[in-house]
Amino acid sequence: QSQPSQLASLQLQLRNAPSDTARMNSSDQLGWYYAEIARDSALSYFEKELPISRKLKLSLYEADALNGMGYVLDQLGNYPKSLESYLEAQKIARDVASEKNAWNLTHNAWNTSKSPDPKDARLDLLGWILHGIGGLYGHTGNTNTEISNTFEARSLAASVRDTTLLEVTNSGLGYVYFALDKLDSALLFQQEALSLYNSSDVFRKYEGSVLMSIGKIYQKKGDFGLSKDALLKSAKSNEEQGNLSGL
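Everything in this summary refers to the structure shown in the same document. Note that the structure is a prediction, hence the values are computed from the model and not measured.

## Some details on empty space enclosed by the protein
- Applying the stated criterion across every chain yields a total of 1 cavity of 30 Å³ or more.
- When its volume is computed, the largest cavity comes out at roughly 40 Å³.
- Its residues placed into classes, the lining of the largest cavity shows 6 nonpolar, 3 polar and 1 charged.

In C-alpha cells:
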C-alpha cells in the first residue's frame, strides 16, 4: 500500500519540479525506485538525470546517474555498456575535485551514509560504485576482481559509517564465499551482515535472505539443527517484512 503513494509522490515532485536541480533529484529517486521492478523505466530516469547533472557541473550526481545506469544495464545483461558506465562513474568518484560544487548531499537516494560532508558523500558513492562493479565481475565469472572490489567497498562503508553499505557488502561476500565452498568465511560474513540487520531498520526487508543463506551454509556443513532454525527464522522474517520473493 505504501509503494503506490511513494511512487505518486515522486512523480508529482518531478512534474512540479521548480528547477533543474529538483528535476534531476526526482529523476534519480525514480530511477532507484524502479531499479528492481521496472528496469527499462529506471534506465530512462537515470538517462534524464545525467545531462542535467553535467549541465550543472554537479559531479557527484553525474557519478550517481552513471552508477545507476551501470547497475540497471548489468541486471539487463548488457555487460559491456554496464562496465563503461561504472568505470566512468568510478573515475569521477575517485577524483577529489568532484567534492566541489556539492549540492543536496543528505536528501537523495544515493548517499546512504547521510553525512553532509562532501568527502564522506563522495567516498560513500564510490563504495556503492565498487560494490556494483564487483557484482558485474561476479556475473561475468571474474570472482577475484569481484572480491577485491567488494572488500574495498566494505572498507569505504566502514570509513563513513554507512550501515546499509556494510550490510550489503558483508552479505555479498558471504554469497561469493558460499559459491566457492569456503563455508567458514561465508558464515562469518553472513553473521556480520545479520548483526547489522538486527541493529538497523535500513534494508531490514532482506534480513530473511541472509538468514536463508546462513541456513544453507549450515546445511552444507551438515549441521541440520542450526540449518532448520535459520531457515524457519528466514521464513518468519520474510513474512513480517513483506519480502515475498524470499518465501
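## Brief notes about the side chain of N111
- Inspection of the secondary structure puts N111 in the loop between α5 (79-94) and α6 (118-139).
- Only 2.7 Å separates the side chain of N111 from the side chain of S113, close enough to count as a polar contact.
- Setting aside its immediate chain neighbours within four residues, N111 contacts L105, A121 and D124.

## A look at the packing of aromatic side chains
- According to the stated counting rule, one finds 8 aromatic pairs in the structure shown.
- Arranged with centres 5.3 Å apart and planes meeting at 90°, the rings of Y33 and Y34 form a pair that is edge-to-face. Both residues of the pair, Y33 and Y34, belong to the buried class.
- Seen from their ring centres, Y177 and F189 are 5.7 Å apart, and the 10° between their planes marks the pair as stacked. Placement of the pair is Y177 in helix α8 (residues 163-179) and F189 in helix α9 (residues 183-198), with a sequence separation of 12 residues.
- By the ring-pair criterion, three or more aromatic residues cluster together here, those being W32, F46 and Y71.
- Over the aromatic face of Y45 sits the side chain of K48, whose NZ or CZ is 5.2 Å from the ring centroid.
- A cation sits over an aromatic face here: K220 above F178, 4.9 Å from the ring centre.

## Quick look at helix α7 (residues 143-159)
- With 17 residues, α7 ought to run about 24 Å at 1.5 Å a step, and its terminal C-alpha atoms sit 24 Å apart, in line with that.
- Of all the residues in α7, the buried ones are E146, I147, N149, T150, A153, L156 and A157.
- Of the surrounding secondary structure, the elements contacted by the buried residues of α7 are α6 and α8.

## As for the side chain of S227
- Tracing the backbone through its elements, the reader meets S227 in helix α11 (residues 224-241).
- A relative accessible area of 3% places S227 in the buried class.
- A polar side-chain atom of S227 sits 2.8 Å from the main-chain carbonyl oxygen of G215.
- When near neighbours in sequence (up to four residues on either side) are disregarded, S227 contacts G215, Y218 and Q219.

Definitions and cut-offs
- Residues numbered from 1 in each chain as written.
- Predicted model: local features only at pLDDT ≥ 70, side-chain atom pairs only at ≥ 80, totals over all residues.
- Heavy atoms only, no water.
- 1 Å grid on protein atoms, 1.4 Å probe; cavity = no way out; pocket = protein on both sides within 12 Å on 5 of 7 lines; lining within 4 Å.
- Points joined across faces, edges and corners; volume = space filled by probe spheres on them.
- Nonpolar A, V, L, I, M, F, W, Y, C, P; charged D, E, K, R; others polar.
- Helix = DSSP H or I, 4+ residues; strand = E, 2+ residues; numbered from the N terminus.
- Polar contact = N/O pair within 3.5 Å; in protein donor to acceptor, adjacent residues only side chain to side chain.
- Contact = heavy atoms within 4.5 Å.
- Phe/Tyr/Trp six-rings, centres within 6.5 Å; stacked < 30°, edge-to-face > 60°.
- Buried < 20%, exposed > 50% of the residue type's maximum accessible area, 1.4 Å probe, protein only.
- Lys NZ or Arg CZ within 6 Å of the ring centre and 35° of its normal.
- Expected span 1.5 Å × (residues − 1).

Distances and angles like these do not, on their own, reveal function.
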